[in-house]
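The chain contents come next:
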Amino acid sequence: MASPAQTDVRYQPPDLKIKTRQADMNVDMTHVYEDWGALRPSSFRKEIENRAEKAYVQGVTDEVRNGRRIRDIHKESGNVYGQIAFQTYMRGANREVVLDALPKQPAKIDIRIHPPEINFEMKTVVIGLPKGN
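Residues numbered from 1 in each chain as written. Predicted model: local features only at pLDDT ≥ 70, side-chain atom pairs only at ≥ 80, totals over all residues. Heavy atoms only, no water.

Student: Mind showing me how you'd approach the pairing of strand β2 (residues 15–19) here?
Tutor: Successive side chains on a regular strand alternate, one facing one side of the sheet and the next facing the other. When you tally the buried positions in β2, you get zero out of five residues, a small fraction of the element. In this structure, β2 lies alongside strand β5 (residues 117–121), joined through five bridges in antiparallel fashion. When the sheet's bridge partners are listed, Lys 17 is paired in β5 with Asn 119. (Buried < 20%, exposed > 50% of the residue type's maximum accessible area, 1.4 Å probe, protein only. Helix = DSSP H or I, 4+ residues; strand = E, 2+ residues; numbered from the N terminus. Pairing = 2+ DSSP bridges.)

Below you can see the structure in the form of structure tokens.
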């Protein structure tokens, strides 16, 4: 049997490989935007176009009505110009203010966490006599 001085013992640690992936997170804010009255860009553009068209039609209608009132000034009593100015002011002064602090429905949040992939590649332990013995 060989003496301990002549024995060849080598140890190699295993290879450790750890692979991690980022967590996947998706947030669906559709219900929150609907509660707040916010629209998608395409819907917002259409809404703005509709409001502008309504405002234009209402403005033309008001101008025609005011012109007819001025034309028929002898049929109305009082200051027609003052009444028209007052009614125009009151139409512009009516504003609705709505304060929303919290949405009625929360955002839908989907979080997926992936466990790490851990792989060990074991190496053999070599115990034996040196080469040639």
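Still more ground to cover, so stick around.
Student: So what exactly am I meant to see when it comes to a nonpolar patch on the surface here?
Tutor: Residues Leu 16, Ile 18, Ile 118, Phe 120 and Met 122 make up a contiguous nonpolar surface patch of about 570 Å² in total accessible area. Elements that contribute at least two residues to the nonpolar patch include exactly β2 and β5. Mapping Phe 120 onto the fold places it in strand β5. (Patch = residues over 30% accessible without salt bridge, like charges linked within 9 Å, V, L, I, M, F, W, Y side chains within 5 Å. Areas by Shrake-Rupley, 256 points an atom, 1.4 Å probe, with all protein chains shown as cover. Salt bridge = Lys/Arg side-chain N within 4 Å of Asp/Glu carboxyl O.)

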